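Examining the three-dimensional arrangement
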Amino acid sequence: MQPLFSPPWWGSNPHLQTILPVLTKIAKVALQRERVELEDGDFIDLDWLSTPPSGQPLLVLLHGLEGSADSHYARRMLTACARQQLAAVVHHHRGCSGEPNRLNRSYHSGDTADIGHTLKLLRQRYPQSPLLAVGYSLGGNVLAKYQGEQGNASLLSRAAVVSAPLELAGCSRKLERGFSRLYQRYLLRQLQQKMLAKIALSPLPVLQDGNRVRQLNTFYKFDDQLTGPMHGFAGADDYYRRASALPLIGHITRPTLFIHAADDPFMSHSVIPDTTSLPTCVQYELYPHGGHVGFIDGGTPWRPQYFLERRLLQYLLEDENAGTL
């Protein structure tokens, strides 16, 4: 039976569900940073809560677009892990750990190579520890795509995907309409500043004019002129088609949970998979409310309580709680 999520009487609005968690203060958890050098000369940063004792599980967190270990959902999950004495580490996408990455490239919704590198590193270090993962938003699409691409070769024992834009073209169109345009504007401003900083250091082969970056005022334009060409795609349409995880869900063979809210202002209904054809190892939970990476289910507007951490840890530690890990 699917766990019941319902918002409090004051919290059913999808924009409140999406924005209030960002505005709510969450104590920062002490983390230890590790820099991982990549074969192409770039780097990624891992932020460690703790390392796993022999044979105990390790949870890997993948943040969303322009997120980090400081994102509200990451802080809450790390706090929950600390309470349960569960080892955890945040995998930062390139350039998202507070320092620009070295190469002209950045990160994108379909880039599974870096998380694959991180998971191989963790498997080598902790061969007896089950690897678990949670991906949020963009990081959720990356995680779902990794699971589908790898199939039986996935290094994860269990995974959970939250509010993921599994069908990128539809989500791009959704963010051009209504109130969702405010989210687009907010995120694009961050992406534009990051690209302008890159151009100031070294002009990008695909776009050398900073003024043109400022004119890319929709995700489609930004992805068509920058994200796509920077990462080997012909443009936005090619990028959206090849980077979307939805077509790969049928290839997942390891236990994977998907959580969506039907009122997510970042998502179109095109992200919802055909549940009649999902692999038996895939569990899909669609809730009427919850916003984007929100899922407030109690408390007050000043001290909200959340469904996500309880549900995610319940699912991810299901085998351990059954005594089989």
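None of the values given here were measured: they were computed from a predicted structure.

Here we look at the overall build of the protein chain
The number of helices and strands found in the protein chain is eleven helices and ten strands. For the protein chain, the C-alpha radius of gyration of 19 Å lies close to 20 Å, the compact-globule estimate for 325 residues. With the C-alpha coordinates aligned to their principal axes, the bounding extent of the protein chain is approximately 55 × 45 × 40 Å. When burial is assessed residue by residue, the protein chain has 59% of its 325 residues classed as buried. Taking the intrachain contacts of the protein chain between residues at least 6 apart in sequence as the baseline, contacts between residues at least 24 apart amount to 75%.

Things to note about helix α6 (residues 180–201)
Each α-helix turn comprises 3.6 residues. Residues three or four places apart therefore point the same way. Its 22 residues give α6 an end-to-end C-alpha distance of 32 Å, which sits within 8% of 32 Å, the value for a rise of 1.5 Å per residue. When α6 is considered as a whole, its buried residues turn out to be Ser180, Tyr183, Gln184, Leu187, Leu188, Leu191, Gln192, Lys194, Met195, Leu196, Lys198 and Ile199. Of the surrounding elements, those touching the buried residues of α6 are α1 (14–23), α5 (168–174), α7 (210–214) and α8 (219–230).

A closer look at the nonpolar core
Counting 63 residues, the largest nonpolar core has Leu58, Val60, Leu122, Leu156, Leu166, Leu226 and Phe258 as its most contacted members. A per-element tally of this core places α6 first, with seven residues. Not counting residues within four places of it along the chain, the set of residues in contact with Phe258 comprises Ala144, Val161, Leu166, Ile249, Ile252, Val282, Gln283, Tyr284 and Glu285. Formed by 33 residues, the second largest nonpolar core is a distinct cluster that contains Ala88, Tyr136, Ala261 and Tyr315.

Notes on the sheet that holds strand β6 (residues 158–162)
One open sheet accounts for eight strands, arranged β1-β2-β4-β3-β5-β6-β7-β8; its pairing is mixed. Strands with a single pairing partner mark the edges of an open sheet, and in this sheet they are β1 (32–37) and β8 (282–287). Strand after strand, the sheet turns through a mean of 20° between neighbouring axes, direction not considered. Judged from the six bridges that link them, β1 and strand β2 (residues 43–50) form a sheet pairing that is antiparallel. Bridging across to β2, Gln32 finds its partner in Trp48. Docked against the sheet, helix α2 (residues 72–84) engages β2, β3 (58–62), β4 (87–91) and β5 (131–136), running at close to 170° with respect to β3. Against the sheet, helix α3 (residues 113–125) makes contact with β1, β2, β3, β4 and β5, and its axis sits at roughly 45° relative to β2, the strand it touches most.

Details of the environment of Ala200
Mapped onto the elements, Ala200 comes out in helix α6. Separated by ten residues in the primary sequence, Ala200 and Gly210 have C-alpha atoms spaced 8.3 Å apart.

A short note on the packing of α2 against helix α10 (residues 308–316)
Between α2 and α10, the least distance of the axes is 10 Å, while the angle of their chain directions is 55°. Looking at the two axes, α2 sits oblique to α10. Crossing of α2 against α10: the hand is right-handed. In this structure, α2 uses Tyr73, Arg76, Met77, Ala80, Cys81 and Gln84 to contact α10, whose residues at the interface are Leu308, Glu309, Leu312 and Leu313.

What about a nonpolar patch on the surface?
Together, Ile19, Val22, Leu23, Phe179 and Leu182 make up an exposed nonpolar region whose accessible area comes to about 460 Å². When residues in the nonpolar patch are grouped by element, the largest group, three residues, is from α1. Within the secondary structure, Phe179 sits in the loop between α5 and α6.

Brief notes about the pattern of salt bridges
Tallying each qualifying case throughout the model produces 20 salt bridges. As a salt-bridge pair, Glu34 and Arg125 come within 2.2 Å of each other at their nearest N and O atoms. Here Arg125 lies in helix α3 and Glu34 lies in strand β1, a separation of 91 residues in the sequence. With a shortest N-O distance of 3.0 Å, Arg35 and Glu99 are connected by a salt bridge. In this pair, Arg35 is assigned in strand β1 and Glu99 in the loop between β4 and α3, connecting sequence segments 64 residues apart. Under the relative-accessibility criterion, Arg35 is labelled partly exposed at 34%.

What to know about the packing of α8 against helix α9 (residues 236–243)
When two helices pack together, their arrangement is given by the angle between the helix axes and the distance between those axes. Where α8 meets α9, the axes come as close as 8 Å, and the angle between the chain directions of the two elements is 85°. Classified by the angle between their axes, α8 and α9 sit roughly perpendicular to one another. Between α8 and α9, the residues in contact are Phe219, Tyr220, Asp223, Asp224, Thr227 and Gly228 and Ala236, Asp237, Tyr239 and Tyr240, respectively. A breakdown of the residues in the contact of α8 with α9 according to their chemical character gives five nonpolar, two polar and three charged.

Cut-off values and rules
Residues numbered from 1 in each chain as written. Predicted model: local features only at pLDDT ≥ 70, side-chain atom pairs only at ≥ 80, totals over all residues. Heavy atoms only, no water. Helix = DSSP H or I, 4+ residues; strand = E, 2+ residues; numbered from the N terminus. Rg over C-alpha atoms; globule rule 2.2 N^0.38 Å. Buried < 20%, exposed > 50% of the residue type's maximum accessible area, 1.4 Å probe, protein only. Contact = heavy atoms within 4.5 Å. Expected span 1.5 Å × (residues − 1). Core = buried A, V, L, I, M, F, W, Y, C linked by side-chain atoms within 4.5 Å. Pairing = 2+ DSSP bridges. Axes fitted to C-alpha atoms, helices over the stretch in contact; angles between N-to-C directions. Parallel < 35°, antiparallel > 145°, perpendicular 65-115°, else oblique. Left-handed = near helix turned anticlockwise from the far one by under 90°. Patch = residues over 30% accessible without salt bridge, like charges linked within 9 Å, V, L, I, M, F, W, Y side chains within 5 Å. Areas by Shrake-Rupley, 256 points an atom, 1.4 Å probe, with all protein chains shown as cover. Salt bridge = Lys/Arg side-chain N within 4 Å of Asp/Glu carboxyl O. Nonpolar A, V, L, I, M, F, W, Y, C, P; charged D, E, K, R; others polar.

These values are about where atoms sit, not about what they do.
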